[in-house]
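# Structural features, examined
Given next are the chains, with one letter for each unit.
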Amino acid sequence: MNWSNFKKYIQPLISNKYFIAFVIFVVYIGIFDQNNLIDRFKLQSRITKLEKQKEHYIEEIEQNNRKMKELQSSTDNLEKFGREEYLMKKKDEVLFIVEEE
């Protein structure tokens, strides 16, 4: 396609006042408007990221609730948790801490 054919199709569009108004409107909405397309895409990606974080925290809360119910269900589980997590011991016990490298 050479320049003369291209110019033959473009010239009527450029001289059409409705086309020019439409192009100006699209540019204004896309770039300059308060709710422009660029900001909308950024906000949508942020919303998606926050929804993924929300799902992660909901799963974490469910896991913590399960752990809490397990600890409250029996004293053996509570004692095991205290020994493993907080290195607690009974008065007559000796505690040996083994660190793996």
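Residues numbered from 1 in each chain as written. Predicted model: local features only at pLDDT ≥ 70, side-chain atom pairs only at ≥ 80, totals over all residues. Heavy atoms only, no water.

### Description of the overall build of the protein
- For the protein, the count of helices and strands is four helices and zero strands.
- Going from N to C terminus, the protein has its helices and strands arranged as α-α-α-α.
- In terms of overall dimensions, the protein is more spread out than a globule: its C-alpha atoms have a radius of gyration of 33 Å, far above the 13 Å expected for 101 residues.
- Counting only C-alpha atoms, the protein reaches 100 × 30 × 20 Å along its principal axes.
- Looking at the protein residue by residue over its 101 residues, the buried ones come to 3%. (Helix = DSSP H or I, 4+ residues; strand = E, 2+ residues; numbered from the N terminus. Rg over C-alpha atoms; globule rule 2.2 N^0.38 Å. Buried < 20%, exposed > 50% of the residue type's maximum accessible area, 1.4 Å probe, protein only.)

### Quick notes on the confidence of the model for the protein
- Averaged over all residues, the pLDDT of the protein is 87; the fraction at 70 or higher stands at 99%.
- Between the elements of the protein, mean pLDDT differs from a low of 78, seen in helix α1 (residues 3-15), to a high of 94, seen in helix α3 (residues 37-73). (pLDDT = per-residue confidence, 0-100.)

### A word on a negative patch on the surface
- A contiguous patch of negative charge, built from Glu-51, Glu-55, Glu-59 and Glu-62, is present on the exposed surface.
- Along the chain, Glu-55 falls in helix α3. (Patch = residues over 30% accessible without salt bridge, like charges linked within 9 Å, V, L, I, M, F, W, Y side chains within 5 Å. Areas by Shrake-Rupley, 256 points an atom, 1.4 Å probe, with all protein chains shown as cover. Salt bridge = Lys/Arg side-chain N within 4 Å of Asp/Glu carboxyl O. Lys, Arg positive; Asp, Glu negative; His and termini not counted. Charge placed at Lys NZ, Arg CZ, Asp CG, Glu CD.)

### Focus on helix α4 (residues 75-86)
- The end-to-end C-alpha distance of α4 is 16 Å, a good match for the 16 Å that twelve residues give at a rise of 1.5 Å each.
- Note on α4: the residue one or two positions beyond its end, Leu-87, has a positive phi of about 55°. (Expected span 1.5 Å × (residues − 1).)

### Considering the layout of surface pockets
- Space inside the largest pocket adds up to approximately 170 Å³.
- Lining of the largest pocket is provided by Lys-67, Glu-70, Leu-71, Asn-77, Lys-80, Phe-81, Glu-84 and Glu-85.
- Elements that contribute at least two residues to the lining of the largest pocket include exactly α3 and α4.
- Take the lining of the largest pocket: its biggest share by element is five residues, from α4.
- A per-class count over the lining of the largest pocket returns two nonpolar, one polar and five charged. (1 Å grid on protein atoms, 1.4 Å probe; cavity = no way out; pocket = protein on both sides within 12 Å on 5 of 7 lines; lining within 4 Å. Points joined across faces, edges and corners; volume = space filled by probe spheres on them. Nonpolar A, V, L, I, M, F, W, Y, C, P; charged D, E, K, R; others polar.)

### Structural notes on the packing of α3 against α4
- Close contact between α3 and α4 brings their axes to 5 Å; oriented N to C, the two are set at 115°. Each of Glu-70, Leu-71 and Ser-73 in α3 lies in contact with α4, whose residues at this interface are Asn-77, Leu-78 and Phe-81. (Axes fitted to C-alpha atoms, helices over the stretch in contact; angles between N-to-C directions. Contact = heavy atoms within 4.5 Å.)

### A closer look at the environment of Glu-59
- Structurally, Glu-59 can be placed in helix α3.
- A relative accessible area of 49% means that Glu-59 is categorised as partly exposed.
- Taking C-alpha positions, Glu-59 is 60 Å from Pro-12, a pair spaced 47 residues apart along the chain.

### Digging into the side chain of Asn-36
- Residue position: Asn-36 is located in the loop between α2 (17-32) and α3.
- Polar contacts involving the side chain of Asn-36 include one to the main-chain amide nitrogen of Asp-39, which spans 2.8 Å. (Polar contact = N/O pair within 3.5 Å; in protein donor to acceptor, adjacent residues only side chain to side chain.)

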